[in-house]
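# Geometric and topological summary
In case you want the letters, here they are:
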Amino acid sequence: MSASRQQAPKGTFDVLPGSERQRELVFTHGAELLEAAGYGRIETPTFEDTTLFERGVGESTDIVRKEMFTFTDQGGRSLTLRPEGTAPICRAYVEHGMHKLPQPVKLWYQGPFFRYERPQEGRFRQFNQIGAEALGTDSPVADAELIVLLDELLRGLGIEDAELRLSSLGTPESRAAYREELRAYLREHEGELSDDVRSRIDSNPLRAFDADHEGTRAVMAAAPTMLDSLDEPDAEHLAAVRRMLDAAGVPYRLDGTLVRGLDYYTRTVFEFTCERLGAQSGIGGGGRYDGLVEQLGGPATPGVGWAAGIERILLAMREAPPERVPDAFVVAADGDLERAFGVALGLRRARLATRTDLAGRAFKGQMKQADRSGARFAVILEEGAVQLRDMESGEQRSIAEDEVAAEITAALAPQQAPAR
Ligand code: HAM
């Protein structure tokens, strides 16, 4: 009996060559953009103490209630595969005394995250995020800077049709009063709400804005929003963010029903959505979390940031980047594959993208491969001679074997203007 075939776990995927290239483009574009704006790369572990997320993300959120991959290690510790990056970064900020550095501390990250969600198009149990955080400033300039960076990240990747929604959740104090008002409103309409929303009227009434349930949505369309309850400093903070987005030419829609699935937010919240993606339209989002660092045992430190889902960005990108075209293809016309290996190695060490045939094809087959690869030059190894063929013009000439790299490099170099 043959053994049953192994498969990747539900909600996970393999990244194969080809799609890897497009992914790499997102990372390099993101890295360039964020580094240029003064964000330094940070990496935190893929698992943390479970309490970090319970305290940071919030006990009443979907993430903590039902989506965490939690396990006990051999030492009896409860650990959790990170469902998000902000709480770990705040933990690292405190642990490494970054509050003693000149503020703000600006960080960016990229890597895998884990949520036990029902898999569907654009939603996975292991997915990747790229994110950025600015800790140690409550200036609305930081909010605007970060929102503009995410807008630029998406546009730079050809995603022009993402919609930006913006709101403010105020401070915990102003939100407490608003929550009471919302609770009273929800209780008035209890009969029309989903069971889930009804069970959370006390613990997390704002999540009612996020419900898919039709009756709940109808109730929420007329619900009071936090935007109407902002106190003066919060309203001015939001107005300043809006002025800077206007000045930057970044369009947005003010949306008081925007709530995010994490408890740590204060003041600014935002989300970029792309309708083309269907149900999982959230490409990236974030906001301000002025109480989180303190909640995790650190000094009172404001912060703001965002994270975007790499897989959703890839879905929203319309065109795959072109495959890297090789500079050279080494053809072993003499059948000597070891000689071809040596020549190809020399070219690669000279930083030329080089391919060879590894399948032992006949001369004609190798030339066909060279042609198909789109290589600019074929280096044809004959007995006692080397031919360099320009695949664009068809020109071919004999050259010395030890000059192949220099010849190709010179031919590829942009024409230098003669020195004056
Ligand atoms: P989030 O909205 O939970 O925010 O996730 C950010 C992005 O990650 C989403 O917009 C989405 O693109 C992607 N994402 C989330 N869950 C999945 C999934 N199951 N499959 C595929 N993609 C997914 C945060 O994580 C916050 N830490 C953002 C933040 C940073 N706020 C302040 N700073």
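For the structure itself, look to the data block above.
No experiment lies behind these values; they were computed from the predicted model shown.

This part covers the sheet that holds strand S3 (residues 69–72). Taken together, the 3 strands give an open sheet; going across it, the order is S2-S4-S3, and neighbouring strands pair in antiparallel fashion. The open sheet terminates on both sides in strands that have one partner only, identified here as strand S2 (47–49) and S3. In this sheet, neighbouring strand axes are inclined to one another by 35° on average, regardless of whether the strands run parallel or antiparallel. Here S2 pairs with strand S4 (residues 78–81) via 3 bridges, running antiparallel. From the neighbouring strand, Glu48 faces S4, where its bridge partner is Thr80.

Looking now at the environment of Arg123. Among the structural elements, Arg123 can be located in the loop between strand S5 (105–114) and strand S6 (126–135). Each C-alpha atom of the pair Arg123 and Thr70 lies 19 Å from the other, and the pair is 53 residues apart in sequence. Residues within four places of Arg123 in sequence aside, it is in contact with Glu117, Arg118, Gln280 and Arg312.

A few words now on the packing of aromatic side chains. With the rule as written, the count across this model stands at 7 aromatic pairs. Arranged with centres 6.0 Å apart and planes meeting at 75°, the rings of Phe47 and Phe71 form a pair that is edge-to-face. Here Phe47 is found in strand S2, whereas its partner Phe71 is found in strand S3, with 24 residues between them in sequence. Judged by relative accessible area, Phe47 falls into the partly exposed class, the value being 40%. Pairing Tyr109 with Phe113 gives two aromatic rings, centres 6.2 Å apart and planes at 65°, and the pair type is edge-to-face. For Tyr109, a relative accessible area of 4% corresponds to the buried category. Take Phe113: its relative accessible area is 1%, and that puts it in the buried class. Following the ring pairs from residue to residue traces out a cluster consisting of Tyr109, Phe113 and Phe127. Its guanidinium or amino end placed over the ring of Phe113, Arg82 lies 4.2 Å from that ring's centre, counting from NZ or CZ.

All right, on to the site of the ligand then. Lining the immediate surroundings of the ligand are 27 residues, of which Glu84, Glu117, Phe124, Glu133 and Tyr265 lie closest. Here Glu84 contributes a side-chain N or O atom positioned 2.7 Å from a nitrogen atom of the ligand. Between the ligand and the protein, one listed contact pairs a nitrogen atom with a backbone N or O atom of Phe124 at 2.8 Å. Out of a free accessible area of 660 Å², the ligand has 95% covered by protein chains. Mapped by element, the contributors of at least two residues to the shell around the ligand are S6, strand S10 (282–288) and strand S11 (303–309). Ranked by residue count, the leading element in the shell around the ligand is S10, at 6 residues.

The next point concerns empty space enclosed by the protein. The probe, sized like a water molecule, is rolled over the atoms to show the empty space still left. By the definition in use, this model includes 1 cavity of 30 Å³ or more. A volume near 130 Å³ is recorded for the largest cavity. What lines the largest cavity is simply Leu169, Arg175, Arg179, Asn204, Leu206, Arg207, Val259, Arg260, Leu262, Asp263 and Tyr265. Of the residues in the lining of the largest cavity, the class split is 5 nonpolar, 1 polar and 5 charged.

Here the focus is helix H13 (residues 363–373). In an α-helix, one full turn covers 3.6 residues, which means residues spaced three or four apart are oriented alike. Considered for burial, the residues of H13 that qualify are Gln366, Met367, Ala370 and Ser373. The arc enclosing the buried residues of H13, seen along the axis, measures out at 125°, which places them on a common side. Exposed residues pointing more than 90 degrees away from the buried face of H13 are listed as Lys364, Lys368, Asp371 and Arg372. As for H13, its buried residues are in contact with strand S12 (328–332), strand S13 (354–356), strand S14 (377–382) and strand S15 (385–390).

A sheet is described by the order of its strands in space; here 5 strands give the open sequence S13-S12-S14-S15-S16, paired in mixed fashion. Lying at the two open borders of the sheet, with one neighbouring strand each, are S13 and strand S16 (396–399). Shown here is a sheet whose adjacent strand axes are inclined to one another by a mean of 25°, direction ignored. As paired strands, S12 and S13 are joined by 3 bridges and run parallel to one another. Opposite Phe329, over in S13, you have Arg355 as the bridge partner. On the sheet, H13 packs against S12, S13, S14 and S15 and is oriented at approximately 175° with respect to S12.

What counts and what doesn't
Residues numbered from 1 in each chain as written. Predicted model: local features only at pLDDT ≥ 70, side-chain atom pairs only at ≥ 80, totals over all residues. Heavy atoms only, no water. Pairing = 2+ DSSP bridges. Helix = DSSP H or I, 4+ residues; strand = E, 2+ residues; numbered from the N terminus. Axes fitted to C-alpha atoms, helices over the stretch in contact; angles between N-to-C directions. Contact = heavy atoms within 4.5 Å. Phe/Tyr/Trp six-rings, centres within 6.5 Å; stacked < 30°, edge-to-face > 60°. Buried < 20%, exposed > 50% of the residue type's maximum accessible area, 1.4 Å probe, protein only. Lys NZ or Arg CZ within 6 Å of the ring centre and 35° of its normal. Near = heavy atom within 4 Å. Polar contact = N/O pair within 3.5 Å; in protein donor to acceptor, adjacent residues only side chain to side chain. Areas by Shrake-Rupley, 256 points an atom, 1.4 Å probe, with all protein chains shown as cover. 1 Å grid on protein atoms, 1.4 Å probe; cavity = no way out; pocket = protein on both sides within 12 Å on 5 of 7 lines; lining within 4 Å. Points joined across faces, edges and corners; volume = space filled by probe spheres on them. Nonpolar A, V, L, I, M, F, W, Y, C, P; charged D, E, K, R; others polar. Arc of directions from axis to C-beta.

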